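# Chain and residue survey
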Amino acid sequence: MTARVGLPRWLRHALRTCLHLGLDAAAIVLAYRAAYSLRFHSSAWTSLFPITGEDPGWPLYARLLYAVVPIWLAVFWYSSRLYDRRSIGALDRFLQILKGAFIGTLATLAATYIYGRLEYSRMMTLMAGPAAALLVSLSQLLVLRVDAALSQAHDADTATPGRRPAASGPGPTRSSPPRNPESLPALEYLIPAITLRILVP
C-alpha cells in the first residue's frame, strides 16, 4: 500500500495563495533594497545623479516597507487579480504585473508625500518599480511551477494504472459474445416445425 503524495485541490489553492503572498512580499522588499543600494551606494549612479543632502540610511526605508508592502499586495490582489487567475498566459500575467507595479509605485509616491516630514528619495522609489516587477514575475513563475508539480503528483496518485474501468451498464462480455437475431430462425416458424416433426413419424 503506497502513501498518498498529492494534495487535494482546495489545499493546493490555499498553499498557492500563501506562497504568492509570501514570495511577492519578499520580492518587493528585495526590490526596494536593491534600489536603495543602487541609488546611494553605486558610484556610477551617484556620479550621474548626485545625492542632494545625505544618505538617510536603510532603516528609514525599512520602516516605510511596513506600509509599502501591504499596499503593493493589495494592488496586485484587487487590480491585477494575479492570485485568482491561474490559467492566464505568461504575457498577460507579465503585463498585469507591470500594471500593478506602476500603480504600486504611484501609491508609494503618494504615501511618501503624506509623510512629508521624512526625507524619502523619489528617484529610489521610481527605481524600485521596475525591479519589483521583474522579481515579482520570477516569484509568480516559481509558485506556478511548484503548483504544477503538486498537481501532477496528485493526478498520478489518484490514477490506478493497470486497471480498466468497469462497464457502466449491461452489455456484451468476452464470455457471452453478442448474437445476431437475424441469424436465428424465427419463433413463428420454429414451433410449427417441431410440432409437425413430433406428430408425423
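Reading the values: the criteria
Residues numbered from 1 in each chain as written. Predicted model: local features only at pLDDT ≥ 70, side-chain atom pairs only at ≥ 80, totals over all residues. Heavy atoms only, no water. Helix = DSSP H or I, 4+ residues; strand = E, 2+ residues; numbered from the N terminus. Buried < 20%, exposed > 50% of the residue type's maximum accessible area, 1.4 Å probe, protein only. Contact = heavy atoms within 4.5 Å. Expected span 1.5 Å × (residues − 1). Salt bridge = Lys/Arg side-chain N within 4 Å of Asp/Glu carboxyl O. Phe/Tyr/Trp six-rings, centres within 6.5 Å; stacked < 30°, edge-to-face > 60°. Core = buried A, V, L, I, M, F, W, Y, C linked by side-chain atoms within 4.5 Å. Patch = residues over 30% accessible without salt bridge, like charges linked within 9 Å, V, L, I, M, F, W, Y side chains within 5 Å. Areas by Shrake-Rupley, 256 points an atom, 1.4 Å probe, with all protein chains shown as cover. pLDDT = per-residue confidence, 0-100.

## Considerations on the overall build of the chain
Scanning the chain from N- to C-terminus turns up six helices and zero strands. Helices (α) and strands (β) of the chain occur, in sequence order from the N terminus, as α-α-α-α-α-α. By the burial criterion, 30% of the 201 residues in the chain qualify as buried. Counting only contacts in the chain whose residues sit at least 6 apart along the sequence, the fraction spanning at least 24 positions is 74%.

## Observations regarding helix 4 (residues 90-114)
Residue pairs three or four apart in sequence face the same way in an α-helix, which turns once every 3.6 residues. For helix 4, which comprises 25 residues, the first-to-last C-alpha distance of 36 Å matches the rise-based estimate of 36 Å (1.5 Å per residue) to within 8%. Considered for burial, the residues of helix 4 that qualify are R93, Q96, I97, G100, A101, G104, T105, T108, L109, A111 and T112.

## Side note on the pattern of salt bridges
Enumeration over the complete set of coordinates arrives at one salt bridge. Here R16 and D147 are joined by a salt bridge, their closest N and O atoms 3.2 Å apart. Pair noted here: R16 is in helix 1 (residues 9-41) and D147 is in helix 5 (residues 122-158), with a separation of 131 residues, a long-range link. Here R16 matches D147 in class, with each residue buried.

## A look at the packing of aromatic side chains
Here the structure, examined in full by the defined rule, presents seven aromatic pairs. Between Y32 and W72, the ring centres sit 6.3 Å apart and the planes meet at 85°, which makes this aromatic pair edge-to-face. Taken together, the positions of Y32 in helix 1 and W72 in helix 3 (residues 58-80) put the pair 40 residues apart, joining distant regions of the chain. A single burial state applies to Y32 and to W72, both of which are buried. Both rings, one in Y36 and one in Y61, keep their centres 5.7 Å apart while their planes meet at 50°; by these two values the pair is tilted. Note that Y36 is positioned in helix 1 and Y61 in helix 3, a separation of 25 residues in sequence. A relative accessible area of 4% places Y36 in the buried class.

## Comments concerning the nonpolar core
One recurring pattern in soluble globular proteins is that nonpolar side chains are buried together. Of all hydrophobic cores here, the largest spans 27 residues; its most connected members are I28, Y32, Y61, W72 and M124. Among the elements of the structure, helix 1, helix 3, helix 4 and helix 5 are those that each provide at least two residues to this core. Here this core takes 10 residues from helix 3, the largest share from any one element. Once residues within four sequence positions are removed from consideration, I28 is found in contact with V69, W72, L73, F76 and V136.

## What to know about the environment of P70
Tracing the sequence through the fold places P70 in helix 3. Judged by relative accessible area, which is 45%, P70 ranks as partly exposed. Put simply, P70 and A25 are 45 residues apart on the chain and 8.2 Å apart in space, counted from C-alpha to C-alpha.

## Regarding a nonpolar patch on the surface
On the surface, L91, F94, L95 and L98 cluster together to form a nonpolar patch covering roughly 370 Å² of accessible area. Within the secondary structure, F94 is located in helix 4.

## A look at the confidence of the model for the chain
For the chain, the mean per-residue pLDDT works out to 76, and 66% of the residues sit at or above 70. Averaged over each element, pLDDT in the chain is lowest for helix 6 (residues 187-199) (51) and highest for helix 1 (90). When the criterion is pLDDT under 50, residues 163-169 qualifies, and its contacts beyond four places in sequence or with other chains add up to zero contacts.

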